[in-house]
Every structure is written in C-alpha cells, then in structure tokens.
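Spelled out from the first residue to the last, the chains are:
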Amino acid sequence: MIKMIASDMDGTLLTSHLAISEKNKEAVLKAQEQGIEFMVATGRAYGEAKPPLEEAGIRCGMITGNGAQGFDADGNEIFTISINKKIAKEIMGILRENNLYFELMTTHGVYSESQPQRLENFATLLAENIPHITFKMAIAMASTHVNMLPISYVESYDELLKNTEVEVLKIITFSDGGQEVLQPIAEVIEKLDDVHVTSSFPNNIEVNHKEAQKGVAVAKIAEAKGISLADVMTIGDNFNDVSMLEVAGVSFAMGNAEPGVKQIATYEAETNVNDGVGKAILRAISENL
C-alpha cells in the first residue's frame, strides 16, 4: 500500500500555465486525508516551488534543486547538499567558454547575471508548452511570472562565490540549440569530481552534486519516516526525475514525458494538462498499488 508520494512539479503536477489544477489538488488532499505522505520533488528552488502550492492550499514537504535540499511541511531545512565552489568555478568556466547563459541556485536564492536573458528563456518555455500562444504573448506572461518569482540579479557570479555564507546548490544552463548543443558540454562537465548532470527540459542541462538527486533524496526521507521504498510512489516527466522513478516501488511517467522516461516508469499517467497526477494518485489509492 502506498504510504508516500513524491511528485515533480513542472510538466507534472503543474499545468502548462504553471498552476495546480483543481482535480490534482483534490487528489493530493484526499491522499493526505488517508494518511499518505505527499511531497514535491522539483528542480525549482524553495522560493519558486512554494507559491503554486500555497495558491492551491497544499501544505507538504519539499525536495528542491533536484535533491540539493529537503524541507518539511513547515519549511524547516532537513538537509543541504552543495557543489564544491572550486568545482562550481570550473563549471562556470566551461559554460562561459561556450557562450552559454546560466543561473546559480544557492542557499540564498536564485541568481542571474541577465534579466533580459532570463525573461527570454522563460517566455520560450511558456511558448513551447501552451498551445496556440504567440511569442509576444509568452513574453507578456513571462514578465508577470518572473516578477512574482524571487530572484536576485548580479553583475558577476564571481563575487557571489567569494561569500562564505553562500552555498551553490545547482547550476542550470540553456541553449536554443537544445541537447544537440548541450550534450557535448554535459559530457565535459561530467568528468569533473562529484557532479551529476541531468535535464528538466529539452533546452537545458542542470548540474548538481552527485548526491543531490531526487532518488537519493526520496530514499533518504522515506528511511527517516520508516517507510519502505516498496511503499513509495513517484511521478515525473523528464530526465531529472529518472532517479526517483527507479527507486520507488510504484512509479508513473506522465503522458507528456520524454520517451526514455516512460520506459523506466512502472505505469503511464495522463498528461499534465489532463490532471495526470491527480488521476494517478486516485488510481493508486483505489487499486491499492
């Protein structure tokens, strides 16, 4: 019987408009009412993950930054796994050599060196996920969302890394050329010590410490709660979800998931725009998966 559920957010729990649907919300609350532990496992930072959950009235634990941090339902930090700053500088050097825009997720929030570039990346994401939307409309929507999300802009990340109180959780980079451009760079980065490279969208790669993975985090939290992984259910859509799909006794890939992700999961859910998470949760409860 399922005792714990961990769900990805973007492309999974969230609709194309980056909100939690009413049916998904109802299913999550039903699971919680039955004593099932529900949590999100996202590539987002805590400050980016919290607003849609609050808007839906869902109170739960969070795995953020692909597994770099864990928080309980009250927002208390459970663990943090950061990238060594010397390695972070090497990664940044590789990205700069390839003229790629990138952002840093840290224990003090998300940082960017370019507001226009961040806006353009977000607009591209919206345009690719919302049918019939023009790029001009996507820019307008992105402007609203970007203003709502907590982010700090700096002239240079180098000064940020000198701050001993700041830990680097994740480095994310983007390219309009997609994985054809990014994969060769990922292969170079993967040769560095203690790093793990994955992707949450076709146009990005995300770099974490090798222990900062969703699957590792899910296993860690389940063990702390005395829950067997056989009684854990995970739901995701992209390659940064693979590690948690592999460790769980029950796993669902979204209908909109990458083909390689679908091959790994136990079951396939409906798409994120058709309440796939909610329907998967209700199925797990009714069929006692």
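Everything discussed here concerns the structure shown above.
Just so it is clear, the model here is predicted, and its values are computed rather than measured.

Peer 1: Lay out the environment of V247 with the relevant residues and their values.
Peer 2: Tracing the backbone through its elements, the reader meets V247 in helix 10 (residues 242–247). Considered as a pair, V247 and K214 are 33 residues apart in the sequence and their alpha carbons are 9.7 Å apart. If we skip the residues at most four places from it in the chain, V247 touches G215 and L229.

Peer 1: Can you lay out the packing of helix 4 (residues 85–97) against helix 8 (residues 179–189) for me, pointing to particular residues and giving the numbers?
Peer 2: At a closest axis distance of 11 Å, the pairing of helix 4 and helix 8 adopts a crossing angle of 155°. Taken as axis vectors, helix 4 and helix 8 run roughly antiparallel relative to one another. The hand of the helix 4/helix 8 crossing is right-handed. Judged by residue contacts, I91, I94 and L95 of helix 4 engage I185, V188 and I189 from helix 8.

Peer 1: Quick rundown of the sheet that holds strand 13 (residues 250–253)? Include the residues and the values.
Peer 2: Judged by pairing direction, the sheet is mixed, and its eight strands sit side by side in the order 5-4-3-2-1-12-13-14 without closing on themselves. Two strands close off the open sheet at either side, each with one partner strand: strand 5 (77–80) and strand 14 (267–268). Sheet analysis places strand 1 (residues 4–7) next to strand 2 (residues 37–41), joined by four bridges and oriented parallel. Across the sheet, the residue bridging to A6 is M39, located in strand 2.

Reading the values: the criteria
- Residues numbered from 1 in each chain as written.
- Predicted model: local features only at pLDDT ≥ 70, side-chain atom pairs only at ≥ 80, totals over all residues.
- Heavy atoms only, no water.
- Helix = DSSP H or I, 4+ residues; strand = E, 2+ residues; numbered from the N terminus.
- Contact = heavy atoms within 4.5 Å.
- Axes fitted to C-alpha atoms, helices over the stretch in contact; angles between N-to-C directions.
- Parallel < 35°, antiparallel > 145°, perpendicular 65-115°, else oblique.
- Left-handed = near helix turned anticlockwise from the far one by under 90°.
- Pairing = 2+ DSSP bridges.

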